[in-house]
Amino acid sequence: MVSRRTVITSGLSVAAIGAVGYATWPKLDGYNEEVARQRRLLSADPERHDLLRMATLAANGHNTQPWKFRLNDNTVTIQPDFSRRTEVVDPDNHHLFISLGCAAENLNIAAQARGWNATPATKSTDIEVMLESAAPLETDLYQAIPLRQSTRSQYDGQPVSASDIALLKAATEQGGVSVLLLTEPKAREDILEFVVEGNSAQMDDPAFVAELRDWIRFTPDEALRSGDGLFAACSGNPVAPGWIAERLFGQFFKNDTENDKYSSHIRSSAGIAIFIGDQEDPDHWIKVGQSFQRFALQATVLGIRTAHINQPIEVPRLRGEFARWMNMPDARPDLIVRFGRAPALPMSLRRPIESVIV
Ligand SMILES: Cc1cc2nc3c(=O)[nH]c(=O)nc-3n(C[C@H](O)[C@H](O)[C@H](O)COP(=O)(O)O)c2cc1C
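Remember, it's a predicted structure, so these values are computed and weren't measured experimentally.

### Things to note about the overall build of the protein chain
Stage number 1. The helix and strand inventory of the protein chain stands at 14 helices and ten strands.
Stage number 2. Since a compact globule built from 358 residues should have a radius of gyration of about 21 Å, the 19 Å found for the protein chain is in line with a globular shape.
Stage number 3. Summarising its shape, the C-alpha atoms of the protein chain cover approximately 55 × 50 × 40 Å along the three principal directions.
Stage number 4. The buried share of the protein chain, taken over its 358 residues, is 56%.
Stage number 5. Taken as a whole, the protein chain presents about 15,000 Å² of accessible surface, with 52% of it coming from carbon and sulfur.
Stage number 6. Side chains of the protein chain give 37 positive and 45 negative charges; the mean places of these two sets differ by 4 Å.

Pasting the structure below:
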């Protein structure tokens, strides 16, 4: 495992990339300042709402941040915000509940660092987290919370060592969830075929494209104003002023261009992780989120990047076929994530914590 120093250094490189790669237009100064403000570690004796800030730095589908938090004396309740669901790509709220699980895991790790046990329990569609005093435990995963990102770029094509794979696998361990870590080139090629087929189906679906378009933020100002969504630079895409954004979207977001991009992304990755809940219900999707969030944080600690390639599970007609390919015909694969090494991209933003506390 790399030292805390290495993790912090890789965090500095995030700011450096923002400063160097985008020095001309647009200026990301204000954007990066807000990123740094949102992504600071906790003070020694944090307010409880600052713990929630750490929870919101979790991965979540389309960065809609589909959560609300209720603070009581000794509990935090994480509730779904169905007004932020993405009904086309996620008709049964599968991604939404995984996102809540990711937030619960960040909350648990951050609370532990400041002397609370924060074990989550699912109550229907809510997650109830009881906060109990405990000895502070500041782990590498805690340090990685502000540094984790979805890195949607080409990776360096190098393998990840067996010892790193073992650490990644250990991080995913969670009752009710199985995880496959695949590193053989044949598996990558097979999955690429599913991704290309799924991506083509999604690109041919005007409702999917419209929903995605609604969550893209083309300029830093747009991203700063909403504090949510997919800022183009975070996906390695060009950042354009509003008036040419639409045209650029049409130009870059084409079936062939996207499929070529996925080919180079997947072929340059060291491996692919598949997360599978034992059952298809919110409780298990939340558990999948917890497992995935720890995986992504452990990867960050090791200097390994992650990015989702979920098309084979998002397109219903491919999901069963993909499960059969996995030799688990009765399973519902929940997440597909590639991993490998690459420089960081700009970090994503979150909404102010006041707007998610109810
Ligand atoms: C359940 C779930 C599904 C996701 N699906 C995709 C996806 O299909 N493609 C993608 O590029 N990112 C996907 N993501 C990543 C999110 O877009 C990302 O977490 C969000 O934009 C916040 O950015 P960050 O992870 O860099 O903090 C997914 C994340 C979650 C939790």
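Now that the structure is up, let's keep going.
### Let's talk about the site of the ligand
Stage number 1. Around the ligand sit 20 residues in total, of which Arg148, Ser150, Arg152, Asn310 and Arg350 are the nearest.
Stage number 2. Interatomic distance of 3.0 Å between a side-chain N/O atom of asparagine 310 and a nitrogen atom of the ligand.
Stage number 3. For the ligand, whose accessible area on its own is 620 Å², the fraction buried by protein is 92%.
Stage number 4. When residues of the shell around the ligand are assigned to their parent elements, the largest contribution, three residues, is made by helix H4 (residues 94-113).
Stage number 5. When its residues are assigned to classes, the shell around the ligand shows four nonpolar, eleven polar and five charged.

### Comments concerning empty space enclosed by the protein
Stage number 1. Summed over all chains, the structure comprises two cavities of 30 Å³ or more.
Stage number 2. Estimated volume of the second largest cavity: approximately 50 Å³.
Stage number 3. Surrounding the second largest cavity, Leu147, Arg148, Gln149, Thr151, Ala296, Ala299, Thr300, Ile304, Arg305 and Thr306 form its lining.
Stage number 4. With three residues, the single largest contributor to the lining of the second largest cavity is helix H12 (residues 282-301).
Stage number 5. Residues that form the lining of the second largest cavity fall into these classes: four nonpolar, four polar and two charged.

### Brief notes about the packing of helix H7 (residues 185-203) against helix H14 (residues 316-325)
Stage number 1. Relative to each other, H7 and H14 sit at 175°, their axes nearing to 11 Å. One element, H7, and the other, H14, form an angle in the roughly antiparallel class. Facing Ala187, Asp190, Ile191, Phe194, Glu197, Gly198 and Ala201 of H7, the residues of H14 in contact are Arg317, Leu318, Glu321, Phe322 and Trp325.
Stage number 2. Of the residues assigned to the contact of H7 with H14, the class counts are seven nonpolar, one polar and four charged.

### Here we look at the pattern of salt bridges
Stage number 1. Inspection of the entire model under this criterion finds 18 salt bridges.
Stage number 2. When the shortest N-O distance is used, the salt bridge between aspartate 190 and lysine 186 registers 2.8 Å. With a gap of four residues between them, aspartate 190 and lysine 186 both fall in helix H7, about one helical turn apart.
Stage number 3. Note on aspartate 190: relative accessible area 18%, which makes it buried.
Stage number 4. It is possible to trace a salt-bridge network through shared partners that takes in Asp81, Arg84, Arg217 and Asp228.

### Brief notes about helix H2 (residues 29-38)
Stage number 1. Buried within H2 we find Tyr31, Val35 and Gln38. Buried residues of H2, viewed axially, fall in a sector of 70°; they line one side. Summarising the geometry of H2, the exposed residues directed more than 90 degrees from the buried face are Asp29 and Glu33.
Stage number 2. At its buried positions, H2 is contacted by helix H3 (48-56), helix H9 (220-226) and strand E7 (230-231).

Definitions and limits used
Residues numbered from 1 in each chain as written. Predicted model: local features only at pLDDT ≥ 70, side-chain atom pairs only at ≥ 80, totals over all residues. Heavy atoms only, no water. Helix = DSSP H or I, 4+ residues; strand = E, 2+ residues; numbered from the N terminus. Rg over C-alpha atoms; globule rule 2.2 N^0.38 Å. Buried < 20%, exposed > 50% of the residue type's maximum accessible area, 1.4 Å probe, protein only. Areas by Shrake-Rupley, 256 points an atom, 1.4 Å probe, with all protein chains shown as cover. Lys, Arg positive; Asp, Glu negative; His and termini not counted. Charge placed at Lys NZ, Arg CZ, Asp CG, Glu CD. Near = heavy atom within 4 Å. Polar contact = N/O pair within 3.5 Å; in protein donor to acceptor, adjacent residues only side chain to side chain. Nonpolar A, V, L, I, M, F, W, Y, C, P; charged D, E, K, R; others polar. 1 Å grid on protein atoms, 1.4 Å probe; cavity = no way out; pocket = protein on both sides within 12 Å on 5 of 7 lines; lining within 4 Å. Points joined across faces, edges and corners; volume = space filled by probe spheres on them. Axes fitted to C-alpha atoms, helices over the stretch in contact; angles between N-to-C directions. Parallel < 35°, antiparallel > 145°, perpendicular 65-115°, else oblique. Contact = heavy atoms within 4.5 Å. Salt bridge = Lys/Arg side-chain N within 4 Å of Asp/Glu carboxyl O. Arc of directions from axis to C-beta.

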